[in-house]
Amino acid sequence: MKYFLGLIIGICFSISSLSQTNMNTTAESSNYALTSTYADVMNFVDVLEKGSDILRTETIAKTIEGRDIKIMIIANPMVNSYKEALKDDRITVYIQANIHAGEVEGKEATQMLARYLVNKPDSEILKNCIVIINPILNADGNEKFSTKNRTNQNGPASVGVRYNGQNLDLNRDGIKLETPEVRGVLNNVLNTWDPSIFVDCHTTNGSYHKEPVTFTWMMNPNADRDLINYMRDKMMPKVHKELLTKYDVENVFYGEFIDRLNIDKGWISYASEPRYLVNYVGVRNRLAILNENYVYADFQTRVIGNYLLLRSILDYASANAQEIKTNIKLADERTIARGENNLVTDSFAIEFKVYPTPEKIFIKAFEADTIPGIRGYWRYKQSDRQRDVTVDYYADYFPTKSIRLPYAYIIDVTDKDIIDNIKTHGIKIDHLKNDIEVAVEQFTFSGIKPNNRLNQGHYTNNINGNFELVNKEFQKGTIIIKTSQPLGWLVAYLLEPQTNDGLLYWNYFDKYLAPQWGGNFYPYPVYRLMDKSELD
């Protein structure tokens, strides 16, 4: 821990030597008793911007309650626009924090990281990276401070809430795009700057262990497998090792025990759907990292650990920039080719299962006990029985049921909300140039039932049915979306009827599925064109 303690002293010393007396974060100024308000963060960012020619800001969204969401672009030399960045040899890394506004250490760590980069203009990181930082994505949730929020968290006493101004969880909005914050990230970061690496900072709940920092990678199987394996086998192990050996921060890949009362059963990362932004970015063929800092570690330890994880990620990105860019370029080329050729072997997973990764995981664990009279998630408490374990890490998702990828999807309804959603994802849309009659796969429903519980304001759909081959006429101008594009995996995720996170699941097509009277269903108005020669 010598480096860790020395770093804290060094940070304090460097702050005191700066000419701007307000360059401390709120956490630092309060000796980690407080976390930043929105105004605190905006003032910090403003001071950095006015004092440096290698940092500038852009506004990517405005919240429901009227707050600007700003990103810091840090580059030496500076780039004047995303178009310049796309042609630059440097790798672009996007880091966001405070997506859940009660999980606050990322908000403080990203401010510290921006300050570090501005004060180190000749660093190796800035020689090879363009760094984009969004320190406070959920600005509306941040302002709802209360000592009653996240009471299990080990400081600070008062924090914001998980939800945004619409009472929606931003980290469940990767597909449906109902929040201005996430739409802003897509419109003004992912679709423009196209960062090669995406980092999302959180605070974990769950299982008990010593390590204050946890993190993992994108893992939905409907993404480029080579990129997933690169993260699993190379990048993430190297970041783990550097964080431990160079920065003295104990860390472990993110998850929780499958059975808290029998920790030898294994460690699992359970969220694989693209509604979660890290998995969403993976489906877009980009590298994505979920950071979850340990809720029971004290606030200062979480902030410093988070900060040093971000340093470790940037160290790796800087040292391996060209390798990462090449891997991503090849992944995009593979995705385009599989859509263009759509061989029988080119499949899309509609059901999948988690398996152990090739390497087991070492955790400095605490066993758990149960609290008498308490049921559900919060029935556990940490015991004083600390035990190191090496167990299977369940984080590799593979298909158990797949469907052949079509050449294109034809959407036989004109719906502005559906079209807007697809365009906001950055997907290329074409239109039929003539009236045609073609053979397509049509999905016919045998049952549609809403979920029993509201989910983000939706009774999401549970559907049953089958595909059948039909000849169907389509008029000139009908929307056709080809899978032979860099976002081909995402196209399929949005439009396949049987996915666990598509537009049908999130009710976008509900009004087109059943007549006003009677118990039957219309066919799903998205048709699978399997043979591109049908368009000739």
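Only a predicted model underlies this, so the values are computations on that prediction, with no experimental measurement involved.

Colleague: Sorry if this is basic, but what is going on with the sheet that holds strand β2 (residues 68-74) here?
Modeller: One key point about sheets: their strands pair by backbone hydrogen bonds, in either a parallel or an antiparallel sense. Spatially, β1-β2-β4-β3-β5-β10-β6-β7 is the arrangement adopted by the 8 strands of the open sheet, whose pairing is mixed. Because the sheet does not close on itself, it has two edges, and the strands there are β1 (55-62) and β7 (251-253). On average, adjacent strands in this sheet sit at an angle of 25° to one another, irrespective of strand direction. Across 3 bridges, the pairing between strand β6 (residues 213-217) and β7 is parallel. Within β7, the position partnered with Thr214 by the bridge is Val252. Set on the sheet, helix α5 (residues 105-119) makes contact with β1, β2, β3 (91-96), β4 (129-134), β5 (197-204) and β10 (287-294); between it and β4 the angle comes to about 145°. Of the strands in this sheet, β5, β6, β7 and β10 touch helix α9 (residues 225-245), which is tilted by about 160° from β6.

Colleague: Any chance you could explain the layout of surface pockets here in plain terms?
Modeller: It is a probe the size of a water molecule, rolled over the atoms, that shows where empty space is left. Estimated volume of the largest pocket: approximately 490 Å³. As for the largest pocket, its lining consists of 27 residues, and the residues nearest its centre are Arg162, Arg172, Tyr254, Tyr270 and Glu292. Among the secondary structure elements, those contributing two or more residues to the lining of the largest pocket are β5, β6, α10 (277-283) and β10. Of all the elements, β5 adds the most residues to the lining of the largest pocket, at 4 residues.

Colleague: Any chance you could explain α5 here in plain terms?
Modeller: Over its 15 residues, α5 extends 21 Å from the first C-alpha to the last, a length consistent with the 21 Å expected when each residue adds 1.5 Å. Here α5 lies mainly inside the structure; 14 of its 15 residues are buried.

Colleague: Explain the sheet that holds strand β9 (residues 267-268) here, please?
Modeller: The strand order β8-β9-β14-β11 describes an open sheet built from 4 strands, whose pairing is mixed. Two strands bound the open sheet, and with one partner strand each, they are β8 (256-257) and β11 (347-356). Looking at chain direction, β9 and strand β14 (residues 393-404) are connected through 2 bridges and run parallel. Across the sheet, Ile268 pairs through a bridge with Tyr394, a residue of β14.

Colleague: Explanation requested: the state of the cysteines in the structure shown.
Modeller: Note on terminology: disulfide describes a covalent bond linking the sulfur atoms of two cysteines. All chains considered together, the criterion is met by 0 disulfides. With no disulfide partner, Cys129 has as its closest neighbouring cysteine sulfur the one in Cys201, 16 Å distant. Overall, the relative accessible area of 0% leaves Cys129 in the buried class. For Cys201, a relative accessible area of 1% puts it in the buried group.

Colleague: Can you walk me through the environment of Thr26 in this structure?
Modeller: Here Thr26 lies in helix α2 (residues 26-29). Sequence spacing of Thr26 and Phe44 is 18 residues, and the spatial spacing of their C-alpha atoms is 9.3 Å. Excluding residues within four positions of it along the chain, Thr26 makes contact with Leu34, Thr35, Ser36, Asp40 and Glu108.

Colleague: Just checking my understanding: could you explain the packing of α9 against helix α11 (residues 299-319) for this structure?
Modeller: Each pair of packed helices can be described by the angle between their axes along with the distance between the axes. Remark: α9 packs on α11, axes separated minimally by 9 Å, with the N-to-C direction vectors making an angle of 125°. When the axes of α9 and α11 are compared, the pair comes out oblique. Handedness of the α9/α11 crossing: right-handed. Contacts between α9 and α11 pair Tyr230, Lys234, Met235, Lys238, Val239, Glu242 and Leu243 from the former with Gly305, Leu308, Leu309, Ser312, Ile313, Asp315 and Tyr316 from the latter. Considered class by class, the residues forming the contact of α9 with α11 number 8 nonpolar, 2 polar and 4 charged.

Colleague: When you look at the nonpolar core in this model, what are you seeing that I'm missing?
Modeller: Grouped burial of nonpolar side chains is what soluble globular proteins tend to show. Judged by nonpolar contacts, the single largest core of 153 residues is most densely connected at Ile197, Trp217, Met235, Leu287, Leu495 and Phe509. Here this core gets 11 residues from one element, more than from any other, and that element is α11. Beyond its immediate stretch of four places on either side in the chain, Ile197 contacts Ile91, Thr92, Val93, Tyr94, Met235, Leu287, Ile289, Ala317 and Ile324. Counting 12 residues, the second-largest nonpolar core is a separate cluster that includes Tyr407, Ile436, Val440 and Phe474.

Colleague: Sorry, what's going on with a nonpolar patch on the surface here?
Modeller: Together, Ile374, Tyr377 and Trp378 make up an exposed nonpolar region whose accessible area comes to about 310 Å². Relative to the elements of secondary structure, Trp378 occurs in the loop between β12 (361-370) and β13 (380-391).

Colleague: When you look at the pattern of salt bridges in this model, what are you seeing that I'm missing?
Modeller: Any two side chains of opposite charge can pair if their charged atoms end up close together. The full count for this structure, using the stated rule, is 41 salt bridges. The closest approach of N and O atoms between Glu28 and Arg115, which form a salt bridge, is 3.0 Å. Of the two residues, Glu28 is situated in helix α2 and Arg115 in helix α5; the sequence distance between them amounts to 87 residues. A relative accessible area of 13% means that Glu28 is categorised as buried. What makes Arg115 buried here is its relative accessible area of 5%. Among the ionic pairs, Arg275 bridges to Asp501, the shortest N-O distance being 3.1 Å. Residue Arg275 is located in the loop between β9 and α10, and its partner Asp501 is located in the loop between α14 (488-495) and β20 (526-529); the two are separated by 226 residues in the primary sequence. No difference in accessibility class separates Arg275 from Asp501, as the two residues are buried. A network of salt bridges, in which partner residues are shared, links Glu103, Arg150, Arg162, Asp169 and Arg172.

Calculation notes
- Residues numbered from 1 in each chain as written.
- Predicted model: local features only at pLDDT ≥ 70, side-chain atom pairs only at ≥ 80, totals over all residues.
- Heavy atoms only, no water.
- Pairing = 2+ DSSP bridges.
- Helix = DSSP H or I, 4+ residues; strand = E, 2+ residues; numbered from the N terminus.
- Axes fitted to C-alpha atoms, helices over the stretch in contact; angles between N-to-C directions.
- Contact = heavy atoms within 4.5 Å.
- 1 Å grid on protein atoms, 1.4 Å probe; cavity = no way out; pocket = protein on both sides within 12 Å on 5 of 7 lines; lining within 4 Å.
- Points joined across faces, edges and corners; volume = space filled by probe spheres on them.
- Expected span 1.5 Å × (residues − 1).
- Buried < 20%, exposed > 50% of the residue type's maximum accessible area, 1.4 Å probe, protein only.
- Disulfide = S-S within 2.5 Å.
- Parallel < 35°, antiparallel > 145°, perpendicular 65-115°, else oblique.
- Left-handed = near helix turned anticlockwise from the far one by under 90°.
- Nonpolar A, V, L, I, M, F, W, Y, C, P; charged D, E, K, R; others polar.
- Core = buried A, V, L, I, M, F, W, Y, C linked by side-chain atoms within 4.5 Å.
- Patch = residues over 30% accessible without salt bridge, like charges linked within 9 Å, V, L, I, M, F, W, Y side chains within 5 Å.
- Areas by Shrake-Rupley, 256 points an atom, 1.4 Å probe, with all protein chains shown as cover.
- Salt bridge = Lys/Arg side-chain N within 4 Å of Asp/Glu carboxyl O.

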